[in-house]
Amino acid sequence: AQSVTQPDIHITVSEGASLELRCNYSYGATPYLFWYVQSPGQGLQLLLKYFSGDTLVQGIKGFEAEFKRSQSSFNLRKPSVHWSDAAEYFCAVGGENAGNNRKLIWGLGTSLAVNP
Amino acid sequence: DGGITQSPKYLFRKEGQNVTLSCEQNLNHDAMYWYRQDPGQGLRLIYYSQIVNDFQKGDIAEGYSVSREKKESFPLTVTSAQKNPTAFYLCASSRDTGNTIYFGEGSWLTVV
C-alpha cells in the first residue's frame, strides 16, 4: 500500500541546533517528493520538492532534503534552527505515473518546537 | 501579488445549515483543490478540478459540493449531509494536475 510515514509526531530543538525531520514512504512507482511547512492557523508553504536529478535538494529558508531510494526516505534538514522555524512540517509523495496531484499522499506531520 | 485567497477565515454555523467557502486564485492555474485538515490526520482531498466546468470527487467528497464556473474560482459548499463539518479547510491550485500545488491560508469552519 502507498503510504507516507513521519515517525516523529513532535520534536523540540534548541535555537541554533541542527534539525532532521524524517520521512519514509512506500510507493510503487518513481516518487515525486515534497516538504511543506505550516504555521499555526495558516496554509501550507512549499519548502522544497524532488522530481528527478540531484538527490540533494535545496529549498527555501535554509532547508535541504536528501532522497535516498534504497531507504525510501526523504529527510528534511537544517544546519541551524531559528525560533521562527517552529511550525508543523508535512511530507508528501506523488508519482510520475499519476502525474496528478489527486494522488498525493500526505504524512501526518511533525510538530517542531524551538527553545530559545 | 499573485496568490490564493480564501474567505472567510472564520465561519460559525448552526447544525443543519449549508455553508459556502470561497476560493479565488489569480495565478492563472488550471487545477484547483479542496482539502480538509483535522488534528492528527494530515490532509484529505475533498474535490479537485482540472479545468473549468469539470471537477472530480476526492477521498472524502460525501456531504460536500463544488462548482468551477470560472478559472479563478472554486467554491466549496459544506452541506447539512456532512456529519462532522467542523474542520480547517484548505484550497489549493496548480498550473496543471502534474505540477506543484500551492495553498491558500485556510478557512476555519465551526458548526455548533
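Since the model is a prediction, treat every value here as computed from it, not as a measurement.

Caption draft 1: The arrangement of the nonpolar core in detail. All names here are of chain A. Of all hydrophobic cores here, the largest spans 28 residues; its most connected members are Leu-19, Trp-35, Leu-47, Leu-48, Phe-74, Leu-76 and Tyr-89. Where this core is concerned, the elements lending two or more residues are strand 2 (10–14), strand 3 (19–21), strand 5 (31–38), strand 6 (44–50), strand 8 (64–68), strand 9 (73–78), strand 10 (87–95) and strand 12 (110–115). Per-element accounting of this core gives the leading share, four residues, to strand 10. Ignoring anything within four residues of it in the chain, the contact list for Leu-76 reads Leu-19, Glu-20, Leu-21, Trp-35, Leu-47, Leu-48, Phe-63, Glu-64, Ala-65 and Tyr-89.

Caption draft 2: Seen up close, the packing of aromatic side chains. Using the criterion set out here, one finds 15 aromatic pairs over all chains in the structure. By the ring-pair criterion, three or more aromatic residues cluster together here, those being Tyr-32, Phe-34, Tyr-36, Phe-51 and Trp-106 of chain A together with Tyr-35 and Phe-103 of chain B. For Arg-68 of chain B, the ring lying beneath its charged end belongs to Phe-74 of chain B, and the centroid distance is 6.0 Å.

Caption draft 3: Local environment of the pairing of strand 6 (residues 54–57) of chain B. Residues and elements named next belong to chain B. Where strand 5 (residues 43–51) and strand 6 come together, three bridges link them in antiparallel fashion. Paired with Ile-51 across the strands is Asp-54, a residue of strand 6. The turn linking strand 5 back onto strand 6 is made up of two residues, and Asn-53 within it adopts a positive phi angle of 65°.

Caption draft 4: Spatial organisation of the pairing of strand 6 of chain A. Residues and elements named next belong to chain A. Most of strand 6 is tucked away, with five of its seven residues classed as buried. Here strand 5 runs beside strand 6; their pairing, made up of six bridges, is antiparallel. Each residue of the ladder has a partner; that of Trp-35, found in strand 6, is Leu-48. Connecting strand 5 to the antiparallel partner strand 6 that follows it, the hairpin turn spans five residues, and Gly-41 within it adopts a positive phi of roughly 70°.

Caption draft 5: Quick peek at the interface of chain B and chain A. Taken together, the 25 residues of chain B in the interface contact 19 residues of chain A. Between chain B and chain A, the buried area comes to about 1,700 Å², and carbon and sulfur atoms account for 52% of it. At the boundary of chain B and chain A, one finds zero salt bridges. At the boundary of chain B with chain A, the tally comes to five residue pairs in polar contact (both at pLDDT 80 or more). Of all elements in the fold, only strand 4 (31–37), strand 5, strand 9 (87–94) and strand 10 (102–103) of chain B reach the threshold of two or more residues within the side of chain B that touches chain A. With four residues, the single largest contributor to the side of chain B that touches chain A is strand 5 of chain B.

Calculation rules
- Residues numbered from 1 in each chain as written.
- Chains lettered and ligands numbered in written order.
- Predicted model: local features only at pLDDT ≥ 70, side-chain atom pairs only at ≥ 80, totals over all residues.
- Heavy atoms only, no water.
- Core = buried A, V, L, I, M, F, W, Y, C linked by side-chain atoms within 4.5 Å.
- Buried < 20%, exposed > 50% of the residue type's maximum accessible area, 1.4 Å probe, protein only.
- Helix = DSSP H or I, 4+ residues; strand = E, 2+ residues; numbered from the N terminus.
- Contact = heavy atoms within 4.5 Å.
- Phe/Tyr/Trp six-rings, centres within 6.5 Å; stacked < 30°, edge-to-face > 60°.
- Lys NZ or Arg CZ within 6 Å of the ring centre and 35° of its normal.
- Pairing = 2+ DSSP bridges.
- Buried area = accessible area lost by both parts, 1.4 Å probe.
- Salt bridge = Lys/Arg side-chain N within 4 Å of Asp/Glu carboxyl O.
- Polar contact = N/O pair within 3.5 Å; in protein donor to acceptor, adjacent residues only side chain to side chain.

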